[in-house]
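Given next are the chains, with one letter for each unit.
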Amino acid sequence: MYFIANWKMYGDLKTLNSLDKVIKFSKDNRKNKFKIVYCPPNTLIRPLSKRLIKTKIEVGAQNCHESENSGAHTGQVNSKMLRNVGAKYVILGHSENRQIGETDSLINSKIKSSIKSGLKIIFCIGETLKERRSKKTNQTLSLQIKKGLKSIKNKSNIIIAYEPVWSIGTGLIPKSEDLIKSIKFIKKKFGKKSPKILYGGSVNNISISQLKKISVIDGFLIGGASQDSKKFIDIIKKTYI
Ligand code: 13P
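Residues numbered from 1 in each chain as written. Predicted model: local features only at pLDDT ≥ 70, side-chain atom pairs only at ≥ 80, totals over all residues. Heavy atoms only, no water.

Q: Would you explain the site of the ligand in this entry?
A: By nearness alone, every residue bordering the ligand is listed as Asn6, Lys8, His94, Glu163, Ile168, Gly169, Gly201, Ser202, Leu221, Gly223 and Gly224. A distance of 2.8 Å separates an oxygen atom of the ligand from a polar backbone atom of Ser202. Its free accessible area being 310 Å², the ligand has 94% of it covered by the protein chains. Of the residues in the shell around the ligand, the class split is two nonpolar, seven polar and two charged. (Near = heavy atom within 4 Å. Polar contact = N/O pair within 3.5 Å; in protein donor to acceptor, adjacent residues only side chain to side chain. Areas by Shrake-Rupley, 256 points an atom, 1.4 Å probe, with all protein chains shown as cover. Nonpolar A, V, L, I, M, F, W, Y, C, P; charged D, E, K, R; others polar.)

Here it is, written out as C-alpha cells:
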C-alpha cells in the first residue's frame, strides 16, 4: 500500500522537524509492506531527501516542466532537475493544475519527459461535480487516461491517483460502491497490466475507516491530513487494524 503525502504549497524548513515521528514509525515498522512518499514543495525536496537517507521513505515533486532539457523558462523546473535533488516521484495532472489551464496534452508531455528522467509518475485523474451529476464520470476518466497516456507503451513507472475533484479538501468522499465502480472501471482500461490505483480526496484519520475496506485501492494520496505527522501515522495504522 502506498501512502503519498501531497503537501501542496505548505511547509518550510522548520516543518521538516515534525517528520521525525514518521521516520521513527517507518523504522519501527520496517517489515510492513507500506510505502511512504512525501511530495513537498520544490524548496524542500533536497533537505527532505537528505533527512530521509537510511530510511525507506521516499521523496517526490508536485509538478514539472514538460521538457527534460534546460531552457529559457523562467520559474520552471524540469524532471531531470527534480531527480538531481533527490525526487523519485512526481505528481502530474493534479486537478489544481488542470483548473489553471494544464491540458491533457501538456500532461502527456510532462509524463513522457518524467519517464525519460527516471521518475515514477503519480498521474491524477478525476471528475468534477458537474461531470458526476451529468453521469459523465466514466467518460471523463476515459478521456483523461487516453490523452494523458497517449503513445506511452511502457507504463511500469506509472501509478494512477483517482481524485474526484469535488472530494478534494471538502471532507466529502464517494460512496464505497461508487468508488469501487470507478476504480474497477479504471483498472479495466488497462487490462491485465493495470497500474497501481490510489484514491485521493479528503483521506483522513476518520474517512480511512471506510476507505480501507475497499480492497481494489492500492493506496492513498493525502493532502491536508498529511501535513500533521500524527494524523498521517494514524491513517497508516488504521489502514491495518
Ligand atoms: P485533501 O486530502 O486535502 O482532500 O487533498 C487531496 C489531494 O488533492 C491530494 O493530491
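Q: Mind showing me how you'd approach the pattern of salt bridges here?
A: Proximity of charged atoms lets side chains of opposite charge pair with each other. For the coordinates displayed, the defined rule picks out eleven salt bridges. As a salt-bridge pair, Arg51 and Asp20 come within 3.6 Å of each other at their nearest N and O atoms. Residue Arg51 is located in helix 2 (residues 45-51), and its partner Asp20 is located in helix 1 (residues 20-28); the two are separated by 31 residues in the primary sequence. The exposure class assigned to Arg51 is partly exposed, which follows from its relative accessible area of 31%. Accessibility expressed as a relative area gives 42% for Asp20, which makes it partly exposed. Residue Glu58 pairs with Lys35 through a salt bridge whose shortest N-O separation is 3.3 Å. Taken together, the positions of Glu58 in strand 3 (residues 58-61) and Lys35 in strand 2 (residues 35-39) put the pair 23 residues apart, joining distant regions of the chain. Taken together, the salt bridges that share partners define one network made up of Lys35, Glu58 and Lys88. (Salt bridge = Lys/Arg side-chain N within 4 Å of Asp/Glu carboxyl O. Helix = DSSP H or I, 4+ residues; strand = E, 2+ residues; numbered from the N terminus. Buried < 20%, exposed > 50% of the residue type's maximum accessible area, 1.4 Å probe, protein only.)

Q: Can you help me understand the sheet that holds strand 5 (residues 120-125) in this one?
A: Backbone hydrogen bonds are what pair the strands of a sheet, in a parallel or an antiparallel way. If you walk around this closed barrel you meet the eight strands as 1-2-3-4-5-6-7-8, and the pairing is parallel. Strand-to-strand, the axes of this sheet are offset by a mean angle of 25°, without reference to chain direction. Running over the sheet, helix 7 (residues 137-148) touches strand 5 and strand 6 (158-162) and is turned about 150° from strand 5. Along the sheet, helix 8 (residues 176-190) makes contact with strand 5, strand 6 and strand 7 (197-200), crossing strand 6 at roughly 155°. (Pairing = 2+ DSSP bridges. Axes fitted to C-alpha atoms, helices over the stretch in contact; angles between N-to-C directions. Contact = heavy atoms within 4.5 Å.)

Q: I tried to follow the packing of helix 1 against helix 10 (residues 229-240) on my own but got confused; where do I start?
A: The packing of two helices is summarised by the inter-axis angle and the distance between the axes. At a closest axis distance of 9 Å, the pairing of helix 1 and helix 10 adopts a crossing angle of 25°. Our classification of the angle between helix 1 and helix 10 gives roughly parallel. Taken as a pair, helix 1 and helix 10 cross one another with a handedness that is right-handed. Within the contact between the two elements, helix 1 uses Lys21, Val22 and Phe25 and helix 10 uses Ser229, Phe232, Ile233, Ile236 and Lys237. Split by residue class, the contact of helix 1 with helix 10 holds five nonpolar, one polar and two charged. (Parallel < 35°, antiparallel > 145°, perpendicular 65-115°, else oblique. Left-handed = near helix turned anticlockwise from the far one by under 90°.)

Q: When you look at the nonpolar core in this model, what are you seeing that I'm missing?
A: The nonpolar side chains of a soluble globular protein tend to be buried, and buried together. Within the largest apolar cluster, 55 residues are counted, with the highest numbers of intra-cluster contacts made by Tyr38, Ile111, Phe123, Leu149, Ile186, Phe220 and Phe232. With residues near it in sequence (within four places) discarded, Phe232 still touches Phe3, Ala5, Val22, Ile36, Tyr38, Ile222, Ala225 and Ser226. Among the nonpolar cores identified, the runner-up in size contains twelve residues, and Ile4, Tyr89, Leu198 and Leu221 belong to it. (Core = buried A, V, L, I, M, F, W, Y, C linked by side-chain atoms within 4.5 Å.)

Q: Please explain a positive patch on the surface as it appears in this structure.
A: A cluster of basic side chains, namely Lys21, Lys230, Lys231 and Lys237, defines a positive patch on the protein surface. Counting residues per element, the positive patch draws most heavily on helix 10, which supplies three residues. Looking at the element boundaries, Lys237 is found in helix 10. Residue classification places Lys237 among the partly exposed positions, given a relative accessible area of 45%. (Patch = residues over 30% accessible without salt bridge, like charges linked within 9 Å, V, L, I, M, F, W, Y side chains within 5 Å. Lys, Arg positive; Asp, Glu negative; His and termini not counted. Charge placed at Lys NZ, Arg CZ, Asp CG, Glu CD.)

Q: Would you explain the environment of Leu149 in this entry?
A: Along the polypeptide, Leu149 turns up in the loop between helix 7 and strand 6. Residues Leu149 and Lys213 lie 64 residues apart in sequence; the distance between their C-alpha atoms is 29 Å. Once residues lying within four places of it in the same chain are set aside, the contact partners of Leu149 are Asn108, Ile111, Phe123, Gln144, Lys155, Ile158, Ile160 and Phe190.

Q: When you look at unusual backbone geometry in this model, what are you seeing that I'm missing?
A: For Lys54, which is not a glycine, the phi torsion comes out positive at approximately 70°. In this structure, Ser151 is a non-glycine residue whose phi angle is positive, near 50°. Here Ser151 is to be found in the loop between helix 7 and strand 6. Take Ser151: its relative accessible area is 60%, and that puts it in the exposed class.

Q: For this particular structure, what's the right way to read helix 5 (residues 104-116)?
A: For an α-helix, the turn length of 3.6 residues means that residues three or four places apart are oriented alike. An ideal rise of 1.5 Å per residue puts 18 Å on 13 residues; helix 5 measures up with 19 Å between its terminal C-alpha atoms. For helix 5, the complete set of buried residues consists of Asp104, Ile107, Asn108, Lys110, Ile111, Ser113 and Ser114. Note on helix 5: the residue one or two positions beyond its end, Gly118, has a positive phi of about 85°. (Expected span 1.5 Å × (residues − 1).)

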